[in-house]
Every structure is written in C-alpha cells, then in structure tokens.
Amino acid sequence: MDSKKLVNIVKQGNLVIPLYLLQDYKKLDLSMEEFVFLMYLYNQGEKSLFNPEKFSLDLGIGLKQVMSYISKLSDARLISVETLKNDKGLMEELVNLENFYNRVTSLMIEELVEEVDYSNSSIFSVIEKEFGRTLSPMEFEIIKAWLDNHMSEELIMEALKEATFNGVSNLRYIDKILYEWEKRGIKTKEDVLQNKMKYRREKEQEPMAEIFDYDWFDDDE
C-alpha cells in the first residue's frame, strides 16, 4: 500500500480510527500501512467474513499484499482467522479481533501505570489475586484515584477484607465502603477496629451481634 493510496483511503472518510490508537500504533510494532489495514478490519466489526478479494477491492491493493498483511497481523497475534458454522449451518471463515482488543487493553493499563509511579504499590496485584482475575482499565482507574486522593493502602486493604467477607468482588462496593469511612473520619486500620469495637459495645444486649456483623452502610450515627 503506497502513500498515495493511503491518503485516498483517509480522504474517503470511511475509516474510523480512534485517536489514542493513531498516537500509539507504533507500540503494536506495525508499519503505518499495516496499521491502516488493521483499522480497516477494525471497522468491519469484531468478527467479519474473511474475504481477501473484497479487502483487495475495498482498499485498492493487490491480493498478494492483502495476504501479506493478514500474515503479519496473525503472526503478531493481533487477529486470527477461524472457521465457524453460520445460522444456516454452513461453514464460513471469520476474522476475529479479540486478540487486538486484549492488546489494546494491556497498552491502556501500561499507560496508566506510567502516569504515576506505583512501582512500590502492591495493592493492584493484591486485589487481582483476591478477585481471581485481571483488573479492567476502569477498575485500575478507580484504584489509581484512591491512591491519588491519598487513601492509604492499609485502609484499602481493610475495605477489601470487608467486601470479601460479604462475598462481593466489586470495586464499586469497596469504593462505597471507603466513602462511608471517609465521612466518619476513619483513616487507619486502628480506626476501623475501634469503630467495630464501639459498634459491638453498643450491641452487647443483642447476643447474636458479633464484631464481624458490622454493616457500614446501615449504621448511621
């Protein structure tokens, strides 16, 4: 794909290229031509029919060049070609972009880490381990906001324990706990324990009340 054809494709206005991808496409280890071809596939949808002849006609490039781009993107594990049955029970080949989306997500997380030095912070890995999965970019941003607002890792860990005890693997739930604690002036692990003890003393007349039955949301003072 020469530069003139590349300009013509852009002029047609048929390709939507997210700005963050355009700025960081070199991190995918692709040439501009390979990136434009990937964006062409991206505009076709997550799973589109594998039709090299159509790709060639749409982009005005030779079939050999199309196959070269497909080979490069497959080797880079950005796309895959899979064979599936359609609604009519017929086999068809599809271009799957799931690997591309996963790579972009990883790049976004890396950029978030680079914005602030969290090299000494283990809270991200601790939460991932507790949740049993990788954090999403949105979840990463929520934790980052806690740290940016000078929330101590110790307090975040205590909120994580509360959520885990209640069977909730959700950062929004933890965020609500931290919000309630902030309103009550709870800033340390000792503050958490003291509030639990205070709650227990107030409920001493109720035999079933235990220290771990604390409901942070319903105990309005």
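Residues numbered from 1 in each chain as written. Predicted model: local features only at pLDDT ≥ 70, side-chain atom pairs only at ≥ 80, totals over all residues. Heavy atoms only, no water.

Chemist: Let's hear about the overall build of the protein: which residues, and what values?
Modeler: Within the protein, the secondary structure is distributed over eleven helices and three strands. Split into buried and exposed, the 221 residues of the protein put 35% on the buried side. In the protein, the share of contacts with a sequence separation of at least 24, taken over all contacts with a separation of at least 6, comes to 58%. (Helix = DSSP H or I, 4+ residues; strand = E, 2+ residues; numbered from the N terminus. Buried < 20%, exposed > 50% of the residue type's maximum accessible area, 1.4 Å probe, protein only. Contact = heavy atoms within 4.5 Å.)

Chemist: Which residues make up the sheet that holds strand S3 (residues 91-96), and what values go with them?
Modeler: Pairing in this open sheet of three strands is antiparallel, and the strands run S1-S3-S2 from one edge to the other. Edge strands, defined here as strands with exactly one partner in the open sheet, are strand S1 (47-49) and strand S2 (80-85). Averaged over all neighbouring strand pairs, the angle between strand axes comes to 40 degrees, with direction disregarded. For S1 and S3, the ladder comprises three bridges, and the chain directions are antiparallel. Of the residues in S3, the one forming a bridge with Ser 48 is Val 95. (Pairing = 2+ DSSP bridges. Axes fitted to C-alpha atoms, helices over the stretch in contact; angles between N-to-C directions.)

Chemist: Please give an account of unusual backbone geometry that cites residues and values.
Modeler: Non-glycine residue Asp 29 carries a positive phi angle of around 60 degrees. Relative to the helices and strands, Asp 29 resides in the loop between helix H2 (19-24) and helix H3 (32-44). By relative accessible area, which is 61% here, Asp 29 ends up exposed. For His 150, which is not glycine, the phi torsion reads 65 degrees and is therefore positive. The residue His 150 is located in the loop between helix H8 (137-148) and helix H9 (153-165) in this model.

Chemist: Can you break down the pattern of salt bridges residue by residue, with the values?
Modeler: Side-chain pairs of opposite charge can arise whenever the charged atoms involved come near each other. Enumeration over the complete set of coordinates arrives at eight salt bridges. Residues Glu 82 and Lys 47 are paired through a salt bridge, measuring 3.3 Å at the closest nitrogen-oxygen approach. Of the two residues, Glu 82 sits in strand S2 while Lys 47 sits in strand S1, which places them 35 residues apart along the sequence. By relative accessible area, Lys 47 is classed as partly exposed at 44%. For Glu 180, the salt bridge is made with Arg 184, and the minimal N-O distance between the two is 3.9 Å. Among the charged side chains, a network of salt bridges with common partners joins Glu 180, Lys 183 and Arg 184. (Salt bridge = Lys/Arg side-chain N within 4 Å of Asp/Glu carboxyl O.)

Chemist: Would you mind going over the packing of aromatic side chains in detail, with residue names and values included?
Modeler: How two aromatic rings sit relative to each other is set out by the distance from centre to centre and by the angle between their planes. Counted under the stated rule, the structure contains nine aromatic pairs. Between Tyr 40 and Phe 55, the aromatic rings sit 5.5 Å apart at their centres with planes inclined by 80 degrees, giving edge-to-face as the arrangement. Residue Tyr 40 is found in helix H3, and its partner Phe 55 is found in helix H4 (residues 52-59); the two are separated by 15 residues along the sequence. The class for Tyr 40 is buried, based on a relative accessible area of 5%. Relative to Tyr 101, the ring of Tyr 42 lies with its centre 6.4 Å away and its plane at 65 degrees, an arrangement referred to as edge-to-face. Residue Tyr 42 is found in helix H3, and its partner Tyr 101 is found in helix H6 (residues 98-115); the two are separated by 59 residues along the sequence. (Phe/Tyr/Trp six-rings, centres within 6.5 Å; stacked < 30°, edge-to-face > 60°.)

Chemist: Run through the environment of Ser 122, naming residues and quoting values.
Modeler: Following the sequence through the fold, Ser 122 ends up in the loop between H6 and helix H7 (123-131). A C-alpha to C-alpha distance of 8.5 Å links Ser 122 and Glu 153, two positions 31 residues apart in sequence.

Chemist: Quick rundown of the pairing of S3? Include the residues and the values.
Modeler: Where S2 and S3 come together, six bridges link them in antiparallel fashion. Bridge pairing links Thr 83 to Glu 93 in S3. In sequence, S2 turns back onto S3 through a hairpin of five residues, with Gly 89 there showing a positive phi of about 80 degrees.

Chemist: So what's going on with the side chain of Glu 34? Residues and values would help.
Modeler: Among the secondary structure elements, Glu 34 is positioned in helix H3. Under the relative-accessibility criterion, Glu 34 is labelled buried at 14%. In this structure the side chain of Glu 34 is engaged in a polar contact, spanning 2.9 Å, whose partner is the backbone nitrogen of Ser 31. Here Glu 34 is in contact with Tyr 69, Lys 72 and Leu 73, once residues within four sequence places are set aside. (Polar contact = N/O pair within 3.5 Å; in protein donor to acceptor, adjacent residues only side chain to side chain.)

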